[in-house]
Amino acid sequence: MASRTSSLTVRTQGLLQGDSRNLTPQNAWSEGTNIRTALRLQPHAVRAWFLAELGKLIKFVDATKTIQDDEEMKETIRALIEEFPAFKLEEFALVFEGIKRDKFGPMYGRLKLGEIMGCCRKWEETRAERILERQHRPEYDPHTRGSVGEPKRKAILLTEEDLLALGQIKPRD
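Here is a short report on the structure shown in this document.

Calculation notes
Residues numbered from 1 in each chain as written. Predicted model: local features only at pLDDT ≥ 70, side-chain atom pairs only at ≥ 80, totals over all residues. Heavy atoms only, no water. Helix = DSSP H or I, 4+ residues; strand = E, 2+ residues; numbered from the N terminus. Expected span 1.5 Å × (residues − 1). Buried < 20%, exposed > 50% of the residue type's maximum accessible area, 1.4 Å probe, protein only. Arc of directions from axis to C-beta. Salt bridge = Lys/Arg side-chain N within 4 Å of Asp/Glu carboxyl O. Contact = heavy atoms within 4.5 Å. Phe/Tyr/Trp six-rings, centres within 6.5 Å; stacked < 30°, edge-to-face > 60°. Axes fitted to C-alpha atoms, helices over the stretch in contact; angles between N-to-C directions. Parallel < 35°, antiparallel > 145°, perpendicular 65-115°, else oblique. Nonpolar A, V, L, I, M, F, W, Y, C, P; charged D, E, K, R; others polar.

**So, helix α5 (residues 43-61)**
The end-to-end C-alpha distance of α5, which contains 19 residues, comes to 27 Å, matching closely the 27 Å that a straight helix rising 1.5 Å per residue would cover. Turning to α5, its buried residues number three or more, namely Val46, Trp49, Phe50, Glu53, Leu54, Leu57 and Ile58. Down the axis, α5 shows its buried residues gathered within 165° of arc, on one side only. Away from its buried face, by an angle of more than 90 degrees, α5 presents the exposed residues His44 and Lys59. At the C-terminal side of α5, Asp62 shows a positive phi close to 55°.

Shown next, in the form of structure tokens:
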């Protein structure tokens, strides 16, 4: 069992043990563990953590229309993992913290799967803009929209069809 545990990052091991200090979007992405990998390596610990965190979120938000019982919680977790397989475990922690702090907009007394998935989608957009952009261009300057010392580049506008062809979005039903 020790060899399986050592495959998780130090940050993920700490998170599973309740330590979420210094958790930032950047280190969640660079030092975190993919949710599917974490489930494969420590399924019981990851599911227990996820249930506990979702429970804390539900209690904290205190919405009138919310997830009501264990079955709904398990289904919510299953759906989140299925819908966001590229998420790191730490990113789910940051999304839950963002919901508590109202960073994704008001919940209007409702916290169900749809609202949580909406927050996860907003997180994906934020990740793409902030983290991945910086990862590909380390000296990224958000004020000039280019790397330091580089001339400004023209924007490339993509249509919905372009994004579909590139596999970046799913077709509408």
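**Here we look at the pattern of salt bridges**
Per the counting criterion, the structure on display carries eight salt bridges. Taking the shortest distance from any N to any O, the salt bridge between Arg78 and Glu75 comes out at 2.5 Å. Of this pair, Arg78 and Glu75 are both found in helix α6 (residues 70-83), three residues apart, which corresponds to roughly one turn of the helix. Arg121 is the salt-bridge partner of Glu83, the closest N and O atoms lying 3.7 Å from each other. One end of the pair, Glu83, is in helix α6; the other, Arg121, is in helix α8 (residues 113-136), with 38 residues separating them in the sequence. Classification of Arg121 by relative accessible area gives partly exposed; the value is 37%. Each of Glu75, Arg78 and Glu82 takes part in one network of salt bridges that share partners.

**Describing the side chain of Thr76**
Tracing the backbone through its elements, the reader meets Thr76 in helix α6. Ignoring any residue separated from it by four or fewer positions in sequence, one finds Thr76 in contact with Leu54, Ile67, Leu113 and Ile116.

**Looking at the packing of aromatic side chains**
All told, the structure shown has five aromatic pairs when counted by the stated rule. With centroids separated by 5.0 Å and ring planes inclined at 55°, the aromatic side chains of Phe50 and Phe92 adopt a geometry described as tilted. Taken together, the residues span a long stretch of sequence, with Phe50 in helix α5 and Phe92 in helix α7 (residues 89-100) at a distance of 42 residues. Across the pair, exposure class does not vary: Phe50 and Phe92 are buried alike. An angle of 45° between the planes, with centres 4.8 Å apart, marks the rings of Phe87 and Phe92 as tilted. We classify Phe87 as buried; its relative accessible area is 0%.

**Description of the packing of α5 against α7**
Viewed as axis vectors pointing N to C, α5 and α7 meet at an angle of 10°, and their least axial separation amounts to 10 Å. Judged by the inter-axis angle, α5 sits roughly parallel to α7. Counting all contacts with α5, which are made through Val46, Trp49, Phe50, Glu53, Leu54, Lys56, Leu57, Phe60 and Val61, the residues of α7 involved are Leu89, Phe92, Ala93, Phe96, Ile99 and Lys100. Tallied by class, the residues present in the contact of α5 with α7 amount to 12 nonpolar, no polar and three charged.

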